[in-house]
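What follows is each chain in one-letter form.
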Amino acid sequence: TLFRSDMDFSKKCEYGGNDEIGTLASSINELSDSLNSTLVDLNEKNRRLQEDIEKEQQLDKIRKDFISNVSHELKTPISIIQGYSEGAKLMLDSGDTKGASEYCEIITGETHKMNMLVLQLLELSIRLYRPLNMRAFWRWCRCSSYKIG
């Protein structure tokens, strides 16, 4: 048979006549070539689409891991701040202002670390999604109440 179910269009009609059958054979060969070309193109596009889907799945996993890591990185200083602020309150209630002051220094340091992490996340976000807008970001940082170390 000329056309096989596995979509192989390499076999050609071999009829050399100049009559209607010859014209039909030539037309079938042209159709076969066109179908083959279209099939090759479609297969290539499907391959690229599959690669894009796999890349998107990898990016999605990276995003989920990133969010998990950032959550952890923020949770640690928040826990430290919570513990030290409770301790500082107890120290103040008992009259230990020196100890409370030391705890407040630790709290200040942890909030600075968190602030830097958040600013780095903002910078990353801007670089990923709006690469030409870094000037506006840094202008915002200078005008905001946040300190850049």
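Keep in mind the model is a prediction, meaning the values are calculated, not measured.

**Notes on the overall build of the protein chain**
Each helix and strand in the protein chain was counted, giving 3 helices and 0 strands. For the protein chain, the α and β elements follow one another from N to C terminus as α-α-α. Burial status across the protein chain gives 17% buried among its 149 residues. Sequence separation of 24 or more characterises 41% of the internal contacts of the protein chain that already satisfy a separation of 6 or more.

**Considering the packing of aromatic side chains**
This structure, assessed with the given rule, holds 1 aromatic pair. Arranged with centres 4.6 Å apart and planes meeting at 65°, the rings of Tyr84 and Tyr103 form a pair that is edge-to-face. In this pair, Tyr84 is assigned in helix α1 (residues 20-94) and Tyr103 in helix α2 (residues 97-129), connecting sequence segments 19 residues apart. For Tyr84, a relative accessible area of 29% corresponds to the partly exposed category.

**Some remarks on the side chain of Glu110**
Assignment of secondary structure puts Glu110 in helix α2. Glu110 has contacts with Pro77, Ile80 and Ile81, leaving out every residue within four places of it along the chain.

**Focus: the pattern of salt bridges**
Tallied over the full model, the rule gives 11 salt bridges. With its nearest N and O atoms 3.3 Å apart, the salt bridge here joins Arg63 to Glu56. Classification of Arg63 by relative accessible area gives partly exposed; the value is 38%. The exposure class assigned to Glu56 is partly exposed, which follows from its relative accessible area of 44%. A salt bridge links Asp93 to Lys89; its shortest N-O distance comes to 3.3 Å. Linking Asp93 with Lys89, this pair stays in helix α1, spanning 4 residues, or about one helical turn.

**Section: α1**
With 75 residues, α1 ought to run about 111 Å at 1.5 Å a step, and its terminal C-alpha atoms sit 109 Å apart, in line with that. For α1, every residue scored as buried is listed here: Gly22, Ala25, Asn29, Ser32, Leu39, Val70, Pro77, Ile81, Gly87, Ala88 and Met91. Summarising the contacts, the buried residues of α1 are in contact with α2. At the exit of α1 stands Gly95, carrying a positive phi of roughly 90°.

**Things to note about the environment of Ala88**
Its place among the elements puts Ala88 in helix α1. The spacing of Ala88 and Ile107 is 19 residues in sequence and 9.6 Å in space, taken between C-alpha atoms. Setting aside residues no more than four positions away along its own chain, Ala88 makes contact with Ala100, Tyr103 and Cys104.

**Considerations on a nonpolar patch on the surface**
Taken together, Phe66, Ile67, Leu124, Leu128 and Tyr129 make up a surface patch of nonpolar side chains, about 530 Å² in accessible area. Elements with a minimum of two residues in the nonpolar patch: α1 and α2. The biggest single contributor to the nonpolar patch is α2, with 3 residues. Relative to the elements of secondary structure, Ile67 occurs in helix α1.

Rules used in this analysis
- Residues numbered from 1 in each chain as written.
- Predicted model: local features only at pLDDT ≥ 70, side-chain atom pairs only at ≥ 80, totals over all residues.
- Heavy atoms only, no water.
- Helix = DSSP H or I, 4+ residues; strand = E, 2+ residues; numbered from the N terminus.
- Buried < 20%, exposed > 50% of the residue type's maximum accessible area, 1.4 Å probe, protein only.
- Contact = heavy atoms within 4.5 Å.
- Phe/Tyr/Trp six-rings, centres within 6.5 Å; stacked < 30°, edge-to-face > 60°.
- Salt bridge = Lys/Arg side-chain N within 4 Å of Asp/Glu carboxyl O.
- Expected span 1.5 Å × (residues − 1).
- Patch = residues over 30% accessible without salt bridge, like charges linked within 9 Å, V, L, I, M, F, W, Y side chains within 5 Å.
- Areas by Shrake-Rupley, 256 points an atom, 1.4 Å probe, with all protein chains shown as cover.

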